[in-house]
Each structure stands twice: as C-alpha cells, then as structure tokens.
Amino acid sequence: MTVWLEAGLWGLLAGGTLVVGAAIAWLVDLPRLAVASVMAFGAGVLISALAFDLVDEAEQTGGLAPTVAGFLAGATTYVAANLVLDRLGARHRKRSGDQQAREAEQPGSGAAIAVGALLDGVPESVVLGMSLLGGGGVGVPVLAAIAISNLPEGLSSASGMKRGGRSAAYVFGVWGGIALASGLAAMLGALLLADTGPGTIAAINAVAAGAILAMVADTMIPEAFERTHVYAGLLATVGFALAFTISRWG
C-alpha cells in the first residue's frame, strides 16, 4: 500500500471517532457533567501530544527559533480564522449546552459551525499524514491522541447541535464530512510533503502544534471547566499522562 493511501486511511479512522462521539450524543442523553469530564480528558491528551510529539520533535529537527516562530504563527492563524467564524455563529461549536446559535437566530450559523469543525480538525490530520514519511509506519502517539480527543469533541458538539434544534442529517453530515476531510488532509500531508526536507516538516509540525493548542484553549477547555470546575485540571492531567505513556511506549 502506498504511503499516501495508508495516511488517508489512518486519517479517516482517527476522524471516525468524531462520528462515534456524535452518535453517542444523539442516541443517549448524557449528563453535561459527563460530557465535560470527557472533554477535559481529551484536552489533556492533545496537550501532551503537541508538547512531546510535535513541538519537541520540531525543535530537535529545525531548531528553537523556527519552532517558536512556527508555533506562534499557527496559533495566530487559527485565532484569526476563529474570530471570523465566531462572528458568523460558530463561537460555541463545541459546547454541549444551549450556547450554540440556532439557524433562526443567526442565519448561516450552521455553515459556520461546519467550517469551524473543519478548521479544528485539519492541522492534526496533516500532522498524522506526515508521521508516515519517516518510513516507520504511522505515529502511534499522534494517532492515539487524535482518535481519543476526537471522541469528546464529537460528543460535546453534537450534544449542543441537538439542543440547538439541528437535524440528524445536519449533525451526521457535518461529522461524516469532517471524518472524510480528515482522511483527505492526512493523505495530502503525506503526498504533498513526501519530498520535503526535515526542516520544512519541523516547521509544519510547529505551526500545527500552535493551532492545536489555540483550539484546545478556545473550544475544549471552556466546556470542560464550566461543568467540572476544579476537577478539570485533574482529568486533563490524567489524559496528559496517558498520552505521554503511549508516546514513550510507541
């Protein structure tokens, strides 16, 4: 199997947990405390992955200055795009309560939420695809982190969509589309960057890490803290520890 095709399949698999989370939220009326707890855990998983498998590796390969510059550039780009989407109604796209905008209240918010979900998932999928370029197979820590964190993201966001009156066709259309886009992004990450040098790959890893951290702080931690309060830190720490253990075993 070619590397780019394998990358696409791994990206689709990792993105598929978004659909699993959405299905759970649609079929089961979970308490918001449970949703927020899983979200806090997923935030810790992602923070560990970007710290040890993206930023650290980027610094070792490309140097400190390019890594820091790429990290800040990724965060800045994400926040700029997120500000636009916020104004269009996607501010609370990962909230499980009644915060999400309804289409009747803000026309176009449904499309904005879908684009926002795509914005959240693309950087990590590209990184997943690039992890195969070394010839050692998929990066297990990155794959595990994305798959684990996607579950609470789909769970919380779909719960909020349901409360906001979105239809099943919309909810599963969004998350099914994002899962397919994740596979495509991973495929393109492996296909288009196959001949690039380690310095370029390090820079892209740093940019993706900055975007992921901004996403965690903007969309995951608020939902987690609102319901779990003082326990959010502990749950995030457990997620961090699990991801760190996987990275060392992987």
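Since this is a predicted model, take the numbers as computed values, not measurements.

Focus on the overall build of the chain
Here is step 1: Across its full length, the chain carries eight helices and zero strands.
Here is step 2: Along the chain, helices (α) and strands (β) appear in the sequence α-α-α-α-α-α-α-α when read from the amino end.
Here is step 3: Over its C-alpha atoms, taken along the principal directions, the chain stretches across nearly 50 × 35 × 30 Å.
Here is step 4: Residues counted as buried form 46% of the 250 residues belonging to the chain.
Here is step 5: Restricting the contact set of the chain to residue pairs at least 6 apart, pairs at least 24 apart contribute 83%.
Here is step 6: Taken as a whole, the chain presents about 10,800 Å² of accessible surface, with 71% of it coming from carbon and sulfur.
Here is step 7: Here the chain carries 12 positive and 17 negative side-chain charges, and the mean point of each set is 11 Å from the other.

A look at the packing of aromatic side chains
Here is step 1: Enumeration over the complete set of coordinates arrives at three aromatic pairs.
Here is step 2: Aromatic side chains Trp26 and Phe172 sit 6.2 Å apart centroid to centroid with 75° between the ring planes, which places their arrangement in the edge-to-face category. Here Trp26, found in helix H1 (residues 3-27), pairs with Phe172, found in helix H6 (residues 168-192); they are 146 residues apart in sequence, far enough to count as distant.
Here is step 3: Classification of Trp26 by relative accessible area gives partly exposed; the value is 23%.
Here is step 4: Since its relative accessible area comes to 29%, Phe172 is described here as partly exposed.
Here is step 5: Ring centres of Phe52 and Phe244 lie 4.8 Å apart, and the angle between their planes is 50°; on these two criteria the pair is classed as tilted. Residue Phe52 is located in helix H2 (residues 32-62), and its partner Phe244 is located in helix H8 (residues 231-249); the two are separated by 192 residues in the primary sequence.
Here is step 6: A residue is classified by how much of its surface remains accessible, and Phe52, at 28% relative accessible area, is partly exposed.
Here is step 7: Taking the relative accessible area as the measure of exposure, Phe244 reaches 29% and is therefore partly exposed.
Here is step 8: One cation-aromatic arrangement involves Lys162 over Trp26; the distance from NZ or CZ to the ring centre is 5.5 Å.
Here is step 9: Over the face of the ring belonging to Tyr170 we find Arg166, whose NZ or CZ atom lies 5.2 Å from the ring centre.

Describing a nonpolar patch on the surface
Here is step 1: Where nonpolar side chains cluster on the molecular surface, the patch consists of Trp4, Leu5, Leu9, Leu12, Leu180, Leu184, Leu188, Leu191 and Leu192 and spans about 820 Å² of accessible area.
Here is step 2: Of all the secondary structure elements, the ones that give two or more residues to the nonpolar patch are H1 and H6.
Here is step 3: The element that contributes the greatest number of residues to the nonpolar patch is H6, accounting for five residues.
Here is step 4: Relative to the helices and strands, Trp4 is located in helix H1.
Here is step 5: Residue Trp4 is classed as partly exposed on the basis of its relative accessible area, which comes to 35%.

So, the UniProt feature "transmembrane region" (unreviewed entry) in the chain
Here is step 1: Here the UniProt feature "transmembrane region" (unreviewed entry) sits at residues 7-27, 33-52, 64-85, 126-148, 169-193, 199-217 and 229-249.
Here is step 2: As annotated, residues 64-85 comprises 100% helix and 0% strand, and the C-alpha atoms at either end are separated by 32 Å.
Here is step 3: In this annotation, residues 169-193 is assigned 96% helix and 0% strand; the end-to-end C-alpha distance for the span is 35 Å.

Points about the nonpolar core
Here is step 1: Of all hydrophobic cores here, the largest spans 30 residues; its most connected members are Leu128, Val216 and Met220.
Here is step 2: For this core, the elements supplying multiple residues, two or more each, are H1, H2, helix H4 (109-130), helix H5 (140-163) and helix H7 (198-228).
Here is step 3: When neighbours within four sequence positions are excluded, Met220 is seen to be in contact with Met39, Gly42, Ala43, Leu46, Lys94, Ser149, Glu153 and Met215.
Here is step 4: Counting residues in each nonpolar core, the second largest holds 17 residues, with Ile113, Leu155, Ala158 and Val174 among its members.

Reading the values: rules and limits
Residues numbered from 1 in each chain as written. Predicted model: local features only at pLDDT ≥ 70, side-chain atom pairs only at ≥ 80, totals over all residues. Heavy atoms only, no water. Helix = DSSP H or I, 4+ residues; strand = E, 2+ residues; numbered from the N terminus. Buried < 20%, exposed > 50% of the residue type's maximum accessible area, 1.4 Å probe, protein only. Contact = heavy atoms within 4.5 Å. Areas by Shrake-Rupley, 256 points an atom, 1.4 Å probe, with all protein chains shown as cover. Lys, Arg positive; Asp, Glu negative; His and termini not counted. Charge placed at Lys NZ, Arg CZ, Asp CG, Glu CD. Phe/Tyr/Trp six-rings, centres within 6.5 Å; stacked < 30°, edge-to-face > 60°. Lys NZ or Arg CZ within 6 Å of the ring centre and 35° of its normal. Patch = residues over 30% accessible without salt bridge, like charges linked within 9 Å, V, L, I, M, F, W, Y side chains within 5 Å. Salt bridge = Lys/Arg side-chain N within 4 Å of Asp/Glu carboxyl O. UniProt positions renumbered as here; feature names shortened; annotations may be inferred. Core = buried A, V, L, I, M, F, W, Y, C linked by side-chain atoms within 4.5 Å.

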